[in-house]
Amino acid sequence: MPPRLTRAESQAQTREALIKTATDMFRRDGYHATSLDKVAEAAGYSKGAVYSNFRNKDELCMAVLEEIRATEFGAIATSLSGQGSFEERLNAFEEWADKTIGDAGWTRLEVEFGIAAQHNPELLAAVAGRAQSLRDAVTALVEMQGFPIPPPLTAETAAIALWSIGVGLGVQRAVDPTLSIRPLTDAIRAFTQLAKA
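The notes below deal with the structure included here.

## So, the packing of helix 8 (residues 155-175) against helix 9 (residues 182-196)
The geometry of helix 8 relative to helix 9 is characterised by a closest axis approach of 9 Å and an angle of 160° between their N-to-C directions. In terms of orientation, helix 8 and helix 9 fall into the roughly antiparallel class. Between helix 8 and helix 9 lies a crossing whose hand is right-handed. Between helix 8 and helix 9, the residues in contact are Ala158, Ala161, Leu162, Ile165, Gly166 and Leu169 and Pro183, Leu184, Ala187, Ile188 and Phe191, respectively. Split by residue class, the contact of helix 8 with helix 9 holds 10 nonpolar, one polar and no charged.

## A closer look at the nonpolar core
The nonpolar side chains of a soluble globular protein tend to be buried, and buried together. Among the nonpolar cores identified, the biggest contains 25 residues, and Phe26, Leu60, Val64, Leu109 and Phe113 are the most heavily contacted of them. Elements represented by at least two residues in this core include exactly helix 1 (7-29), helix 2 (36-43), helix 4 (57-81), helix 6 (104-117) and helix 7 (121-145). Discounting chain neighbours no more than four positions away, the residues touching Leu60 are Leu18, Ile19, Ala22, Phe26, Leu36, Val39 and Phe54. The next biggest cluster of nonpolar side chains, apart from the first, holds 22 residues, and it includes Ile76, Leu90, Ala97 and Ala159.

## Observations regarding the environment of Asp24
Looking at where Asp24 falls in the secondary structure, it is placed in helix 1. Residue Asp24 is classed as partly exposed on the basis of its relative accessible area of 44%. Each C-alpha atom of the pair Asp24 and Val39 lies 9.5 Å from the other, and the pair is 15 residues apart in sequence.

## Observations concerning a nonpolar patch on the surface
Taken together, the side chains of Val111, Ile115, Trp163, Val167 and Val171 make up a nonpolar region of the molecular surface, amounting to roughly 400 Å² of accessible area. For the nonpolar patch, the secondary-structure elements that each account for two or more residues are helix 6 and helix 8. With three residues, the single largest contributor to the nonpolar patch is helix 8. Residue position: Ile115 is located in helix 6. The class for Ile115 is exposed, based on a relative accessible area of 53%.

## Overview of the pattern of salt bridges
A full pass over the atoms with the stated rule returns 13 salt bridges. In this structure, Arg69 engages Glu110 in a salt bridge whose closest nitrogen and oxygen atoms are separated by 2.5 Å. Of this pair, Arg69 sits in helix 4 while Glu110 is found in helix 6, placing the two residues 41 residues apart along the sequence. Classification of Arg69 by relative accessible area gives buried; the value is 15%. Here the salt bridges do not stand alone but share partners, grouping Glu87, Glu94, Arg182, Asp186 and Arg189 into one network.

## Describing the packing of helix 1 against helix 2
Their axes nearest at 9 Å, the elements helix 1 and helix 2 cross at an angle of 115°. Here helix 1 runs over helix 2; the crossing is right-handed. For the pair helix 1 and helix 2, contact is made by Ala17, Leu18, Thr21, Ala22 and Met25 and by Lys38, Val39, Ala42 and Ala43, respectively. Of the residues assigned to the contact of helix 1 with helix 2, the class counts are seven nonpolar, one polar and one charged.

## Quick word on helix 6
Working note: α-helix, 3.6 residues per turn, so residues spaced by three or four point in the same direction. Between the first and last C-alpha of helix 6 there are 20 Å, a value that for 14 residues agrees with the 20 Å anticipated at 1.5 Å per step. Where helix 6 is concerned, the buried positions are Gly105, Trp106, Thr107, Leu109, Glu112, Phe113, Ala116 and Ala117. The residue sitting at the N-terminus of helix 6 and contributing the capping side-chain oxygen is Asp103; that oxygen lies 3.2 Å from the backbone nitrogen of Gly105.

About the cut-offs
- The residue count restarts for each chain, going from 1 along the sequence in the order it is written.
- Two thresholds apply to this predicted model, a pLDDT of at least 70 for residue-level local features and 80 or more for giving and counting side-chain atom pairs, whereas whole-chain, interface and lining totals are computed over all residues.
- Derived side-chain values reflect all non-hydrogen atoms in the structure, with water molecules and hydrogen atoms excluded from consideration.
- In this analysis, axes come from line fits to C-alpha atoms, helices being fitted only over the stretch in contact, and the angle between any two N-to-C directions falls in the range 0 to 180 degrees.
- A helix here means a DSSP run of H or I that spans at least four residues, while a strand means a run of E at least two residues long, and both kinds are numbered starting from the N terminus.
- An angle counts as roughly parallel when it lies under 35 degrees, as roughly antiparallel when it exceeds 145, as roughly perpendicular when it falls between 65 and 115, and as oblique in every other case.
- It is the rotation of the near helix from the far one that decides the hand of a crossing: anticlockwise by less than a right angle makes it left-handed, clockwise makes it right-handed.
- What makes two residues a contact is simply this: any of their non-hydrogen atoms within 4.5 Å.
- Ten residues, namely Ala, Val, Leu, Ile, Met, Phe, Trp, Tyr, Cys and Pro, are considered nonpolar, four, namely Asp, Glu, Lys and Arg, are considered charged, and the remaining ones, Gly among them, are considered polar.
- What makes a nonpolar core is a set of buried Ala, Val, Leu, Ile, Met, Phe, Trp, Tyr and Cys residues whose side-chain atoms join them at distances within 4.5 Å.
- Each residue is placed in one exposure class: buried if its accessible area under a 1.4 Å probe, protein chains only, is under 20% of its type's maximum, exposed if it is over 50%, and partly exposed if it falls in between.
- Each patch is assembled from residues with relative accessible area greater than 30% and no salt bridge, linking like charges that lie within 9 Å and nonpolar side chains (Val, Leu, Ile, Met, Phe, Trp, Tyr) that lie within 5 Å.
- Where accessible areas are quoted, they stem from the Shrake-Rupley method and a 1.4 Å probe; at the residue level, only the protein chains shown are allowed to cover.
- Throughout this description, the term salt bridge denotes a Lys or Arg side-chain nitrogen within 4 Å of a carboxyl oxygen of Asp or Glu.
- One fewer than the residue count of a helix, multiplied by 1.5 Å, yields its expected span.
- For the purposes of these results, a polar contact is taken to be a pair of N or O atoms within 3.5 Å, where, inside protein, one atom must be able to donate a hydrogen and its partner to accept one; residues adjacent in sequence count only when each atom of the pair is a side-chain atom.

So far we have only geometry, and geometry alone does not tell us how the molecule works.
Right, dumping it as structure tokens:
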């Protein structure tokens, strides 16, 4: 007979199950169409179990987005951290980008949630803070990988520019999946060439 879970372990397990279920539902149905009642029912918990882990749907959605972003950022870091030349690492990143940037469910969720946050200053500040954390992480990755940055750009401005291209491509590829990811990797190559000039 397996050992009985502690209260903390049980709550962590419930939280994990709710985030997993909410992730599937938010990606499939979108932010507005997914209610806490639906998440609780699909996960096999009471609505009270949801509220004991999350204050509201916004907080649950933030947890879902953090989980998705952490997973995908980890995949980016892995694709770039391999051995080999800059071009080989960039090709590995391009493979990840081609599979991931423009994922319709993720893209729609980011956009829907960002728009919903516009009407709540506290939520908007939290969303902006997390976006800044992501930009900081991309900047650190650019610095760590030793990407050649052409002056007068800094690693931060280069990271913001590349992040912005990626986000824009993601929105466009969610509408037209045939759109190539190459503008992003070509921009990185162009930065490299300018830095060497």
